[in-house]
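Read off the chains here:
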Amino acid sequence: MGAVTSTAPSPDSSASSLLDLAPVIPVVIVQDVDQAVPLARALVAGGLPVIEVTFRTPAAADAIRAIAEEVPDAVVGAGTVLSPEQVETAVAAGSRFLVTPGWTDRLLGALDASGLPYLPGVSTTSEVVALLERGVEEMKFFPAEAAGGTPYLKALASPLPQARFCPTGGVNAATAPQYLALSNVGCVGGTWMLPADALDAGDWGRVESLAREAAALRG
């Protein structure tokens, strides 16, 4: 099996991988589908075109569909994908990539069969090696801070240099640059550019400003 990397349609034609489109992937939990499009537009305007909408609310699939249809510059995907059924739902909604917090053989098979780029979640060396055996080289490291943070990923770089990661879980504006400085980190996932009070108030200007700061974390 050849190496599986998370190649996705990109607003930047020079990027060959999902991990290289932006330094930060916003992890979005949509409670109200009416917020999806203005939120996505604010993130894209701020320089964060890759948007992960998590399957943690009933609005997720409709939010993905709305963003896919109305925000063409966004690369929208589904996160917290836990089952083959959710893979099918995400694909039908217009997802352009898939992200999981962990993986099983059954789920990995569905991810592979979807034809979309995907980032399966890992938190141990054995999980990383098992994915590398299957030809998967790009992964989500989750929960990043709880699972060992930057020291853990730095320790993996020498014995497993082919593995690349998107650390997510506890990553914030202060710690993101430390992750992005690692040779085996392509981008990070986070929510800090989506403060709850800004979302509740529909303050999309603030979201755009925070997104712009996040996009500048890696020059």
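See the structure above.
Residues numbered from 1 in each chain as written. Predicted model: local features only at pLDDT ≥ 70, side-chain atom pairs only at ≥ 80, totals over all residues. Heavy atoms only, no water.

(A) Summary view of the pattern of salt bridges. In the structure shown here, the tally under the stated rule is 7 salt bridges. The salt bridge involving Asp 20 is made with Arg 164; its shortest N-O contact spans 2.9 Å. Residue Asp 20 is found in the segment before β1 (24-28), and its partner Arg 164 is found in strand β8 (residues 164-167); the two are separated by 144 residues along the sequence. A relative accessible area of 31% means that Asp 20 is categorised as partly exposed. Of the charged contacts in the structure, one is a salt bridge between Arg 212 and Glu 208, with a shortest N-O distance of 2.7 Å. One end of the pair is Arg 212 and the other is Glu 208, both in helix α9 (residues 204-215) and 4 residues apart, which spans about a single turn. The class for Arg 212 is partly exposed, based on a relative accessible area of 42%. Glu 208 gets classed as partly exposed once you look at its relative accessible area, which sits at 24%. Connected through salt bridges with shared partners, the residues Asp 20, Glu 138 and Arg 164 form a single ionic network. (Salt bridge = Lys/Arg side-chain N within 4 Å of Asp/Glu carboxyl O. Helix = DSSP H or I, 4+ residues; strand = E, 2+ residues; numbered from the N terminus. Buried < 20%, exposed > 50% of the residue type's maximum accessible area, 1.4 Å probe, protein only.)

(B) Region of interest: the environment of Val 91. When you line up the elements, Val 91 lands in helix α3 (residues 84-93). A C-alpha to C-alpha distance of 9.4 Å links Val 91 and Ala 61, two positions 30 residues apart in sequence. Ignoring anything within four residues of it in the chain, the contact list for Val 91 reads Ser 114 and Leu 116. (Contact = heavy atoms within 4.5 Å.)

(C) How the structure looks around the sheet that holds strand β7 (residues 138-141). A sheet is described by the order of its strands in space; here 3 strands give the open sequence β6-β7-β8, paired in parallel fashion. Each of the sheet's edge strands pairs with one partner strand only, and the pair in question is β6 (121-122) and β8. Here β7 pairs with β8 via 4 bridges, running parallel. In the sheet register, Lys 140 faces β8, and the bridge partner there is Cys 166. (Pairing = 2+ DSSP bridges.)

(D) Region of the structure containing unusual backbone geometry. Residue Pro 143 is bonded to the preceding Phe 142 through a cis peptide linkage, with omega at -10 degrees. Position of Pro 143 relative to the elements: it lies in the loop between β7 and α6 (149-157).

(E) Focus on the packing of aromatic side chains. A complete count under the given rule lists 2 aromatic pairs for this structure. On the basis of an interplanar angle of 15 degrees and a centroid distance of 5.6 Å, the ring pair of Phe 141 and Tyr 152 is categorised as stacked. Highlighted residues: Phe 141 in strand β7 and Tyr 152 in helix α6, separated in sequence by 11 residues. Judged by centre distance (6.3 Å) and plane angle (70 degrees), the ring pair of Phe 141 and Phe 165 falls under edge-to-face. Separated by 24 residues along the polypeptide, Phe 141 in strand β7 and Phe 165 in strand β8 bring together distant segments of the chain. Classification of Phe 141 as buried rests on a relative accessible area of 1%. By way of ring pairs, the aromatic residues Phe 141, Tyr 152 and Phe 165 are connected into one cluster. Positioned over the ring face of Phe 142 is Lys 140, at 4.6 Å from the centre of the ring. (Phe/Tyr/Trp six-rings, centres within 6.5 Å; stacked < 30°, edge-to-face > 60°. Lys NZ or Arg CZ within 6 Å of the ring centre and 35° of its normal.)

The quantities given are spatial measurements derived from coordinates; they are silent on function.
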